[in-house]
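Breakdown of the fold
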Amino acid sequence: MSKERILIVDDEHLIRWSLSQPLVKSGYIVDTAESGNEAQSKMATFKPEMVLLDIRLPDANGLELLERFKAEVEDLIVIMITAYADVGSTVEAFKLGAEDYIGKPFNLEAVQQVISQAFKKKKLKENVEDFSHSLDQRIDEDHLIGNSPEMIDVFKIIKRCAETNDKTVMILGESGTGKELVAKAVHLYSQRSKDPFFEINCAAIPDHLLENELFGHEKGAYTDAGKRQKGIFELADGGTVFLDEIGDMPLPMQGKILKAIENKRYRRLGGYCDIDVNVRIIAATNRNLKKMVDDGRFRIDLYYRLNVMTINVPPLRERKADIPHLAKYFFDLFNKEYNRNIEDISPEAIELMLSYSWPGNVRELRNSVERAIILEDGRTLGPNNLNLFSSLEASPSTTDTITDQENRQVPDNDGRRQTTANNPDELQITLPTNGISFEKIEKNIILQALEKHAGNQTKAARYLQLSRDTLRYRMKKFGLL
Ligand SMILES: Nc1ncnc2c1ncn2[C@@H]1O[C@H](COP(=O)(O)OP(=O)(O)OP(=O)(O)O)[C@@H](O)[C@H]1O
Ligand SMILES: [Mg+2]
């Protein structure tokens, strides 16, 4: 049950009574005031977090009170109580910092919704602020951000792996979850941190060059081998070798790596003598290695050899508590990088991010915030430029990747998406000269789409080219759910 404090200021007894009864029942602590004077003194004694404020009071102007209260208590939520005749003053109230308004006569359910949403929004905002204060709690200079229980477990395992110093570590997780950062963290926490960390992406290097990259070659080992070249194992001596995308390593190479790990020695290509290896191997993959072993595409002996210690990095949708924290981190990063002066992330944007499933994980979040920072025109980063509206939901894996990404819309490096939506520029709307409420248009469109499809949310969402979750999120926002 909530324990927030609400002050109701209205000169009509019936309104004070009919508002306070259900709010007390819902668990709020409620007090009332019938005049501006009384409200002023209750502000000091009752210390409300929210004020429901009549716009017309016998001894005071509601708008003046609003301005005064907001100046006194910075994060006070003020919701105006207005008669329909007062629409002009309502606009003024928003400018002065009112959160919302409720019109007389009011529908109690809608009032409850407005109140709970306002508190929710405030809490989200506070969360973002808290997170920004705790940004210093980074695990290392590579900024592995996260303080969800799931990530705290990951940090603990990272430290345990780091302490072992020699043991092979296997990092598993979907694409974009941060496996590379985890590998670097293991290295940085280990006694090897002063020695080099070398990374090789087994998927990016052609098969025939992989052995050369890893083990190096002697002069004349093959036609172009003009001089001796050290491989990564030798260059990383004393440090760590990170074999990224190990699931993509060809079978013959798997055998050679296994031998090098087991014997702690190897030979350069074309070489006659063995070289001792003093490196820790960390491997990572977003593939389902177990399945690859079953299919005969990954050596079972190497599988067991690498799996001495395993770190599972959970997908972002399973650690949503990290989302505001990561969003704030990338927000600060790109706001600075692109010289933008956007003040903050809006609570609505955070809420949308929390409702999204992030098939591309942290990488997608990073791209999405970067893109939004570039495109944002307002003072705060709103939900629209995050471009999450046409997203599809994540589904369990059916292929040998940990989660099948192939059929989803994942942004490319520039955060762009491929989309099958019609060109929105084809739609021409003539805007009235005196301005228009975007929210009202949006709500109206949603209502029409629902009406057109007899209230069927799935069909309405498809019609609007939104995911069902996004439609429901917006319906909730407008009190339609
Ligand atoms: N916890 C985190 N804190 C801060 N940044 C993160 C975090 N996790 C991931 N990132 C960022 O997200 C992006 C993707 O991370 P990374 O390359 O480590 O993912 P990955 O799991 O190796 O993905 P893939 O399997 O596609 O290689 C990087 O830009 C990285 O800096
Ligand atoms: Mg990676």
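What comes next is a walk through the structure. (Residues numbered from 1 in each chain as written. Chains lettered and ligands numbered in written order. Predicted model: local features only at pLDDT ≥ 70, side-chain atom pairs only at ≥ 80, totals over all residues.)

1. Remarks on the site of ligand 1
The test is simple: Nearness is defined per residue: the C-beta atom, placed using the backbone, must lie within 6 Å of the molecule or strand. Strands here mean DSSP runs of E at least two residues long; helices mean DSSP runs of H or I at least four residues long; both are numbered from the N terminus. As a working rule, the residues Ala, Val, Leu, Ile, Met, Phe, Trp, Tyr, Cys and Pro are called nonpolar, Asp, Glu, Lys and Arg charged, and the rest polar, with Gly in that last group.
Ligand 1 sits among 17 residues. The nearest are Ser175, Gly178, Lys179, Glu180 and Val362. Listed by contribution, the elements that provide at least two residues to the shell around ligand 1 are α7 (179-189) and α15 (361-375). The class makeup of the residues in the shell around ligand 1 is five nonpolar, eight polar and four charged.

2. Looking at helix α2 (residues 36-45)
Count 3.6 residues to each turn of an α-helix, and residues three or four apart come out pointing the same way. Which entries qualify depends on this criterion: We call a residue exposed when 12 or fewer other C-beta atoms sit within 10 Å of its C-beta, buried when the count reaches 20 or more, and partly exposed for counts in between; the C-beta positions come from the backbone. This arc describes the spread of directions from the helix axis toward the C-beta atoms. Any two residues are considered in contact once their C-beta atoms, placed from the backbone, lie within 7 Å.
When α2 is considered as a whole, its buried residues turn out to be Gly36, Ala39 and Met43. On an axial view of α2, the arc spanned by its buried residues comes to 55°, and they lie on one face. Exposed residues lying more than 90 degrees from the buried face of α2 are Ser41, Ala44 and Thr45. Check the buried side of α2 and you find it contacts β1 (5-9), β2 (29-33) and α3 (62-72).

3. Things to note about α7
By the criterion of burial, α7 is predominantly enclosed, with eight of the 11 residues buried. Of all the residues in α7, the buried ones are Lys179, Leu181, Val182, Ala183, Lys184, Ala185, Val186 and His187. In this structure, the buried residues of α7 make contact with α6 (149-164), β6 (169-172), β7 (197-201), β10 (240-244), β13 (280-285) and β14 (309-312).

4. Considerations on the sheet that holds β1
Two pairing modes exist for strands in a sheet, parallel and antiparallel, and in both the strands are linked by backbone hydrogen bonds. What counts here: The rule for pairing is simple: two strands pair if DSSP sees at least two bridges between them. Lines fitted to the C-alpha atoms define the axes, with helices restricted to the stretch that makes contact. Angles between their N-to-C directions range from 0 to 180 degrees.
Strands sit in the order β2-β1-β3-β4-β5 across an open sheet of five strands; the sheet is parallel. For this open sheet the edge positions go to β2 and β5 (100-104), each flanked by a neighbour on one side alone. Across the sheet, the mean angle separating the axes of adjacent strands is 20° when strand polarity is ignored. Inspection of the sheet shows β1 paired to strand β3 (residues 50-54) by four bridges, in the parallel sense. Within the sheet, the bridge partner assigned to Leu7 lies in β3 and is Val51. Strand contacts of helix α1 (residues 13-25): β1, β2 and β3, with the helix running at about 170° to β2, the strand carrying the most contacts. Packed on one face of the sheet, α2 meets β1 and β2 and runs near 145° to β2.

5. Quick word on the nonpolar core
Stated precisely, the cut-off is as follows: A set of buried residues qualifies as a nonpolar core if it consists of Ala, Val, Leu, Ile, Met, Phe, Trp, Tyr and Cys joined through C-beta atoms within 7 Å. Domain borders in the structure are assigned automatically or taken from a domain database.
Counting 66 residues, the largest nonpolar core has Ile171, Val182, Ile282 and Ala327 as its most contacted members. Examining the composition of this core, we find that six residues originate from one element, helix α13 (residues 322-337), more than from any other. Mapping this core onto the domain boundaries places at least three of its residues in each of domain 2 (149-312) and domain 3 (318-420). Listed in part, the 34 residues of the second largest apolar core include Leu7, Val30, Ala33 and Leu76.

6. Let's talk about unusual backbone geometry
A positive phi angle is found at Lys47, which is not glycine, with a value near 50°. Examined against the element boundaries, Lys47 turns out to sit in the loop between α2 and β3. The exposure class assigned to Lys47 is exposed, which follows from the 12 C-beta atoms found within 10 Å.

7. Overview of the packing of α13 against α15
Convention followed: Between 65 and 115 degrees an angle is taken as roughly perpendicular, under 35 as roughly parallel, over 145 as roughly antiparallel, and anywhere else as oblique. Definitions for this section: a left-handed crossing has its near helix turned counterclockwise from the far helix by less than a right angle. A right-handed crossing has that turn clockwise.
One can describe the packing of α13 onto α15 by two numbers: an axis separation of 9 Å at closest approach and a directional angle of 45°. Classified by the angle their axes make, α13 and α15 are oblique. Crossing angle aside, the handedness with which α13 passes α15 is right-handed. Contacts between α13 and α15 involve Leu326, Ala327, Phe330, Phe331, Phe334 and Asn335 from the first element and Val362, Leu365, Arg366, Val369, Glu370 and Ile373 from the second. Considered class by class, the residues forming the contact of α13 with α15 number nine nonpolar, one polar and two charged.

8. Looking at the pairing of β10
Across the five residues that make up β10, a large majority, five, are buried. Bridging between β7 and β10 involves five bridges; their strand directions are parallel. Looking across to β10, one finds that Asn201 is bridged to Asp244. Here four bridges tie β10 to β13, and the two strands are oriented parallel to one another. Note on β13: the bridge partner recorded for Val241 is Ile281.

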